[in-house]
Amino acid sequence: MRRTARDSEESNQRLNRRTLMLGGAMGAMIAVLGARMRYLQVDQADEFKLLAEENRINIRLIPPVRGLIQDRNGKVIAGNEQNYRVVITREAAGDVDLVMRRLASIIPMTAEEMQQSIDEVNSLSAFVPVTVAERLSWADFSKVALNAPALPGVVPEVGQSRHYPLDTDFAHVVGYVGPVSEKDLEGVENPDPLLKIPKFQIGKIGVEKWMEDTLRGEAGTKRIEVNSAGRVMRELERQEGVPGLDIRLTIDADIQNFAQARLGGESAAVVVVDVTNGDIVCIASAPSFDPNLFVRGISHTDYKTLTENDHRPLANKTVSGAYPPGSTFKLVTALAALEAGVVTPDTKVSCPGYIEFGGRRFHCWKRGGHGTVRLERSLAESCDVYYYEVAQKVGIDKIAEMGRRMGLGHKFDLPMSAVTDGIMPDKAWMLERYKQEWRIGDTINASIGQGYVLASPLQLAMMTARVASGRAVVPRLVRMINDKELPVVEAPPLDVPPEYLAAVRGGMNAVVNGEHGTGKSSRVVDPTMIFAGKSGTSQVRNISKAEREAGVISNDDLPWNRRDHALFVGFAPYDAPRYAVAVVVEHGGGGSAGSRPC
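This write-up is about the structure you can find in this document. (Residues numbered from 1 in each chain as written. Predicted model: local features only at pLDDT ≥ 70, side-chain atom pairs only at ≥ 80, totals over all residues. Heavy atoms only, no water.)

### Let's talk about the overall build of the chain
Within the chain, the secondary structure is distributed over 24 helices and 21 strands. Out of the 598 residues belonging to the chain, those deemed buried represent 45%. Put simply, of all contacts in the chain between residues at least 6 apart along the chain, 72% involve residues at least 24 apart. For the chain, the exposed area adds up to about 30,400 Å²; of that, 52% sits on carbon and sulfur atoms. (Helix = DSSP H or I, 4+ residues; strand = E, 2+ residues; numbered from the N terminus. Buried < 20%, exposed > 50% of the residue type's maximum accessible area, 1.4 Å probe, protein only. Contact = heavy atoms within 4.5 Å. Areas by Shrake-Rupley, 256 points an atom, 1.4 Å probe, with all protein chains shown as cover.)

Okay, structure coming up:
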């Protein structure tokens, strides 16, 4: 059947409508795609560019240069030295074991060191660079650089490492640095990102530890370009960090060295303090150790040698050692008795060589006794009975109060490790510590620095400085940070009548310069160098009644660790005190011999 013209026209109209609908749909789709492309390429261009950049660019931290530690005159006692080292990245190395074996054939490396490095590399992210060798010689460093094609992932670098040029002199004061450990991060909520860098070193003891935040500085950054596999292609930008601040101590390196040399192999401690401002001029503990051993990674043999030494070289005896102060404590008992009004400088006490109390004899060090004794002679000849008698009249609470006023039983705030409080006991302390009442016999023992009384050499030096100055001097170890001098706060008066302090100082003068003084062998003839002091002996063993009757065994005839400790405190010049000193020699015998001032 033939189609009519009308049918043809209707068919064309339907076709045109379909074409228009299809074209509209396509146009709408193109419009949506165009809008989306505009959104992605124009509106969101910056965001996607940043994401792409982050995939291509990495930012890594650059450790800052650690601040210097200097003595009071600017001599470096903890510095930094150039360190040729080698780092490896597991991702770039591929076969880490093979690369490490090749490296070990080029530079000195034991099998143990190689395995430790392999274990550390495998335990961290593939892209984290790990130091596998450091402190290389220039020759070994050059070998690594020349063999770079055979050592994929290995990069020779030049960095900084801590160095202690005066080695043993300042080991206990300054301390040392070492790699960050898990223990170091315990309890730290938001640790500095630097602490996450493998083998990054921080202070472990001493000033290095307690002033870590001041010395560390702030990290720098470097922007590096990496490929799709994470391999470093080039460094794009570097911003150096902020170096740590330099610290200048109050210690004089020459005096410190002199003291360490004089102590030699003794187990001993010396503290010298400027009585006018509390500056610690010398604080030496012996025997000492080389802190550089710890920075480089101390060997098991070296560490065992230190820990098994009966003279305890790792212990800082100046602040952590707590010793019975012996007769040096008589300065405190004398001041307490004078202040309480139970004696005057002219009060006479009879010493027959002992007193009896509660069925027990308390002996004087001089078997036959000292006869009639006044205050000055009691100090000069160190009569024990004098202090037994006056202490019973004063009582332990007043003696303890005077001891605390003199700095005993107090933990001084210093940037040093293991600073002890010591013990300045009284009735309340005994009740709290041992749940028992204080006894008169305890007071008698305490009066001569025995029994429960314990003090560090630092505390004894501060006691002496306070007696010499009449002020509550406190110790100071840090003098400057960078070029800024730290302020010195004037010490308040002790609130002890000057005439009482003068009487005690007179007794100390007689100790050294009197005809029968226990420290007369240390007298200085030069009138401009006259000093005053007090010797002390603290027992480390009990003397039985049988031994006392037969004759007390001489320290020289006893094993070293059963001999008495020897102590000495003093100040100079006598007429215008400037420096106070405390010396403790463990098992050194009598204080008038074993701890004589240098």
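### Observations concerning the pairing of strand β15 (residues 360-363)
For strand β14 (residues 354-357) and β15, the ladder comprises 4 bridges, and the chain directions are antiparallel. Its bridge partner being in β15, Tyr354 is matched across the sheet by His363. Adjacent in sequence and paired antiparallel, β14 and β15 are bridged by 2 residues, among which Gly358 carries a positive phi angle near 60°. (Pairing = 2+ DSSP bridges.)

### Digging into unusual backbone geometry
With an omega of -5°, the peptide bond running from Ala286 to Pro287 counts as cis. Tracing the backbone through its elements, the reader meets Pro287 in the loop between β12 (280-286) and α12 (292-296). The omega angle of the peptide bond from Ala572 to Pro573 is -15°, so this bond is cis rather than trans. Of note in this structure, Ser382 is not a glycine but carries a positive phi near 55°.

### As for the packing of aromatic side chains
Scanning all chains against the criterion turns up 15 aromatic pairs. Seen from their ring centres, Phe531 and Phe568 are 6.3 Å apart, and the 70° between their planes marks the pair as edge-to-face. Of the two residues, Phe531 is situated in the loop between α22 (498-513) and β19 (532-538) and Phe568 in strand β20 (residues 565-572); the sequence distance between them amounts to 37 residues. The residues Phe531 and Phe568 share a single accessibility class, namely buried. Through pairs of rings, three or more aromatic residues link up here, namely Tyr176, Phe289, Phe294 and Tyr303. (Phe/Tyr/Trp six-rings, centres within 6.5 Å; stacked < 30°, edge-to-face > 60°.)

### Here we look at the sheet that holds strand β21 (residues 579-585)
Taking strand neighbours across the sheet as the criterion, the 5 strands line up as β12-β11-β21-β20-β19 in an open arrangement whose pairing is antiparallel. Every other strand in the sheet has two partners, leaving β12 and β19 as the edge strands with one partner each. With strand direction ignored, the average angle separating the axes of adjacent strands in the sheet is 10°. One ladder, built from 7 bridges, connects β20 with β21; its direction is antiparallel. Paired with Phe571 across the bridge in β21 is Ala580. Where helix α11 (residues 253-263) meets the sheet, its contacts fall on β11 (268-274) and β12, and the angle it forms with β12 comes to roughly 30°. Sheet contacts for α22: β19 and β20; angle to β19, the most-contacted strand, approximately 75°. (Axes fitted to C-alpha atoms, helices over the stretch in contact; angles between N-to-C directions.)

### Remarks on the packing of helix α15 (residues 330-340) against α22
Remark: α15 packs on α22, axes separated minimally by 10 Å, with the N-to-C direction vectors making an angle of 145°. Remark: the crossing between α15 and α22 carries right-handed chirality. Judged by residue contacts, Leu331, Ala334, Leu335, Leu338 and Glu339 of α15 engage Tyr500, Leu501, Ala503, Val504 and Met508 from α22. (Left-handed = near helix turned anticlockwise from the far one by under 90°.)

### A few points about the environment of Val319
Of note, Val319 is situated in helix α14 (residues 317-320). The exposure class of Val319 is buried, given its relative accessible area of 1%. Separated by 97 residues in sequence, Val319 and Met416 place their C-alpha atoms 8.0 Å apart. In this view, Val319 contacts Ile283, Met416, Ser417, Ala418, Val419, Thr420, Ser456 and Leu458; residues no more than four positions away in its chain are not counted.

### Some remarks on α15
Within an α-helix, residues lying three or four positions from one another point in the same direction, as the helix has 3.6 residues per turn. Judged by how many residues are buried, α15 sits mostly within the fold: 9 of 11 residues are covered. Along α15, the residues classified as buried are Lys330, Leu331, Val332, Thr333, Ala334, Leu335, Ala336, Ala337 and Leu338.

### Here we look at the pairing of strand β3 (residues 76-88)
As paired elements, strand β2 (residues 69-70) and β3 share 2 bridges and run antiparallel to each other. Along β3, the bridge assignment pairs Ile69 with Ala78. Taken together, β2 and the strand that follows it, β3, pair antiparallel across an intervening segment of 5 residues, in which Gly74 is found at a positive phi of about 95°. By the bridge criterion, 10 bridges tie β3 to strand β5 (residues 154-163) in an arrangement that is antiparallel. The residue bridging Val87 from the neighbouring strand is Val155, located in β5.

### Points about the pattern of salt bridges
A full pass over the atoms with the stated rule returns 25 salt bridges. A salt bridge links Lys143 to Asp140, with the shortest nitrogen-to-oxygen separation between them at 3.7 Å. In this pair, Lys143 and Asp140 both sit in helix α6 (residues 138-146), 3 residues apart, roughly one turn of the helix. Of the residues examined, Lys143 reaches a relative accessible area of 39% and is grouped as partly exposed. A salt bridge links Lys330 to Asp384; the shortest N-O distance between them is 2.6 Å. A residue pair is termed long-range when its members are at least 10 positions apart, and Lys330 in helix α15 and Asp384 in helix α17 (residues 384-394) qualify at 54 residues. The exposure classification of Lys330 matches that of Asp384, with both residues buried. (Salt bridge = Lys/Arg side-chain N within 4 Å of Asp/Glu carboxyl O.)

### Focus on the nonpolar core
Considering soluble globular proteins, one finds that nonpolar side chains tend to be buried as a cluster. Core analysis: the largest hydrophobic core is formed by 99 residues, its most contacted members being Val173, Leu249, Tyr386, Met406, Leu460, Leu477 and Val504. If you tally residues by element for this core, the top one is helix α21 (residues 457-469), at 8 residues. Apart from the residues within four sequence positions on either side, Val504 is in contact with Leu331, Ala334, Leu335, Leu338, Leu379 and Val467. Of all hydrophobic cores here, the second largest spans 22 residues; its members include Val99, Val130, Ala133 and Leu151. (Core = buried A, V, L, I, M, F, W, Y, C linked by side-chain atoms within 4.5 Å.)

### Digging into the side chain of Arg476
Positionally, Arg476 belongs in the loop between α21 and β17 (478-481). Polar contacts involving the side chain of Arg476 include one to the main-chain carbonyl oxygen of Leu486, which spans 2.9 Å. Aside from chain neighbours lying at most four places away, what touches Arg476 is Thr250, Gly278, Asp279, Ile280, Leu414, Glu485, Leu486, Pro487 and Val488. (Polar contact = N/O pair within 3.5 Å; in protein donor to acceptor, adjacent residues only side chain to side chain.)

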